[in-house]
Amino acid sequence: GAEEPGMEAEEAQELPLSCGGERSSPAAGRSPEGEERRDPPPASVSNGGDAESGRELVELKVIWNKNKYDVKFCLDSTGAELKQKIHSLTGLPPAMQKVMFKGLLPEEKTLREIKVTNGAKIMVVGSTINDVLAVNTPKDAAQQEVKAEENKKEPLCRQKQHRKVLDKGKPDDVMPSVKGVQERLPTVPLSGMYNKSGGKVRLTFKLEQDQLWIGTKERTEKLPMGSIKNVVSEPIEGHEDYHMMAFQLGPTEASYYWVYWVPTQYVDAIKDTVLGKWQYF
């Protein structure tokens, strides 16, 4: 057993260094526990001052409205907690967020359970009128934008998405149009028009509430005028006394809500009313 004391001596020299000056009795070197005594100090140092770091963090890219946010987030946090974090970044209340990671992010599961890894992209779609637009996933919106870009060259009414509706012909109960005259908005709702799925749609301008009501058979969507970013319109080929018109409800062209067969005499009045031009005169 002559070698043993030598080993103890070696142990004894090393231990003070790694244990931060706390001298260990040579006996400690002999028992297996003694060897393990070297490990805890570094761990407690990294825990000091930052309770988070004991938990595993994952780096995410949160993408919302063309903005990218780099976020470090705890793997054992839930989808609901991530929504709170997104709220603090984007100002978008959790109830209005659609958070996508391989489909809709479950609120009650942790990021670890849904296998979120470093560098994962988290898409956030948020605006209160998602259901009006029925934009199913961010991918659709991106594709529609690409299409919108390609389509700019030709008149809108020749584009496939619009042809589907226009080829049905003029609605039987369409309102009469008056060429060459700009009229004020009628006090009754504008009816007898189609939306992009070819369903009947009527527009009601509730000026006292500053709202535009888009009504279909299924529901009436009440939109604050201020939430409509833009209104575009274009005469329908062959029926220039009617326009197709779109209300932009979100940040991109993918959020246009199309209405077909708007009588031409109301086009300017609709634009001015929705975009609020009349207030400036």
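Rules used in this analysis
Residues numbered from 1 in each chain as written. Predicted model: local features only at pLDDT ≥ 70, side-chain atom pairs only at ≥ 80, totals over all residues. Heavy atoms only, no water. Helix = DSSP H or I, 4+ residues; strand = E, 2+ residues; numbered from the N terminus. Expected span 1.5 Å × (residues − 1). Contact = heavy atoms within 4.5 Å. Phe/Tyr/Trp six-rings, centres within 6.5 Å; stacked < 30°, edge-to-face > 60°. Buried < 20%, exposed > 50% of the residue type's maximum accessible area, 1.4 Å probe, protein only. Lys NZ or Arg CZ within 6 Å of the ring centre and 35° of its normal. Pairing = 2+ DSSP bridges. Salt bridge = Lys/Arg side-chain N within 4 Å of Asp/Glu carboxyl O. Core = buried A, V, L, I, M, F, W, Y, C linked by side-chain atoms within 4.5 Å. Axes fitted to C-alpha atoms, helices over the stretch in contact; angles between N-to-C directions. Arc of directions from axis to C-beta. Polar contact = N/O pair within 3.5 Å; in protein donor to acceptor, adjacent residues only side chain to side chain.

Under an unreviewed UniProt entry, the chain has the name UBFD1 protein and belongs to Baryphthengus martii.

Trainee: Looking at this model, I keep getting lost on helix 5 (residues 79-90). Mind explaining?
Mentor: Note: α-helices contain 3.6 residues per turn, so residues at a spacing of three or four share the same orientation. The terminal C-alpha atoms of helix 5 lie 16 Å apart, and with twelve residues this matches the ideal 16 Å at 1.5 Å per residue to within 8%. Tucked into the core, helix 5 has its buried residues touching strand 1 (57-64), strand 2 (67-74), strand 3 (97-100) and strand 4 (120-126). Gly-91 occupies a position one or two residues after helix 5 and carries a positive phi of about 75°.

Trainee: When you look at the packing of aromatic side chains in this model, what are you seeing that I'm missing?
Mentor: Each aromatic ring pair is characterised by the separation of its centres together with the angle its planes make. Scanning the entire structure with this criterion turns up three aromatic pairs. Judged by centre distance (6.0 Å) and plane angle (80°), the rings of Tyr-256 and Trp-258 are edge-to-face. For the pair Tyr-256 and Trp-258, one class covers both residues: buried. Consider the rings of Trp-258 and Tyr-260, whose centres lie 6.3 Å apart with planes at 20°: the pair is stacked. Sitting over the ring of Tyr-194, Lys-168 keeps its end group 4.6 Å from the ring centre.

Trainee: Looking at this model, I keep getting lost on the pairing of strand 11 (residues 256-263). Mind explaining?
Mentor: Of all the eight residues making up strand 11, eight are buried; the element is thus mostly covered by neighbouring parts of the structure. Of the strand pairs in this sheet, strand 5 (residues 190-195) and strand 11 are connected by two bridges, and their pairing is antiparallel. Along strand 11, the bridge assignment pairs Asn-195 with Val-259. In terms of strand pairing, strand 10 (residues 239-248) meets strand 11 through seven bridges, oriented antiparallel. When the sheet's bridge partners are listed, Met-244 is paired in strand 11 with Tyr-260.

Trainee: Sorry if this is basic, but what is going on with the pattern of salt bridges here?
Mentor: When charged atoms on two side chains of opposite charge get close, those side chains can pair. Under the criterion given, the structure shown has ten salt bridges. Measuring nitrogen to oxygen at the nearest pair gives 2.8 Å for the salt bridge that ties Asp-76 to Arg-112. Of this pair, Asp-76 sits in the loop between strand 2 and helix 5 while Arg-112 sits in the loop between strand 3 and strand 4, placing them 36 residues apart in sequence. What makes Arg-112 partly exposed here is its relative accessible area of 36%.

Trainee: In this structure, what is going on with the nonpolar core? I would like to understand it.
Mentor: Side chains that are nonpolar tend, in soluble globular proteins, to be buried together. Among the nonpolar cores identified, the biggest contains 24 residues, and Leu-203, Phe-205, Phe-247 and Ile-270 are the most heavily contacted of them. At the level of elements, strand 5, strand 6 (200-206), strand 7 (211-215), strand 10, strand 11 and helix 9 (267-275) are the ones that each hand at least two residues to this core. Looking at this core element by element, the count peaks at four residues for helix 9. With near-sequence residues (within four places) excluded, Phe-247 lies in contact with Leu-203, Leu-212, Ile-228, Asn-230, Val-231, Ser-255, Tyr-256, Tyr-257, Val-259, Ile-270 and Val-274. Counting residues in hydrophobic clusters, the runner-up holds 20 residues, among them Val-62, Leu-75, Leu-82 and Ile-86.

Trainee: Explain the sheet that holds strand 2 here, please?
Mentor: Each strand in a sheet pairs with another by means of backbone hydrogen bonds, the pair being arranged parallel or else antiparallel. Read from one edge to the other, the open sheet built from four strands follows the order 2-1-4-3, with strand pairing classed as mixed. Here the strands that pair on one side only, and so sit at the sheet edges, are strand 2 and strand 3. Neighbouring strand axes in the sheet, compared pairwise and without regard to direction, differ in orientation by 30° on average. Pairing analysis gives five bridges linking strand 1 to strand 4, with the strands arranged parallel. Each residue of the ladder has a partner; that of Val-62, found in strand 4, is Ile-122. Along the sheet, helix 5 makes contact with strand 1, strand 2, strand 3 and strand 4, crossing strand 2 at roughly 140°.

Trainee: Explain helix 9 here, please?
Mentor: Of the residues making up helix 9, those classed as buried are Val-267, Ala-269, Ile-270, Thr-273 and Val-274. The buried residues of helix 9 occupy one face: seen down the axis, they fall within an arc of 165°. Once helix 9 ends, the next one or two residues include Gly-276, with phi positive near 80°.

Trainee: How do you make sense of the side chain of Thr-273 when you look at a structure like this?
Mentor: Tracing the backbone through its elements, the reader meets Thr-273 in helix 9. In this structure the side chain of Thr-273 is engaged in a polar contact, spanning 2.6 Å, whose partner is the backbone oxygen of Ala-269.

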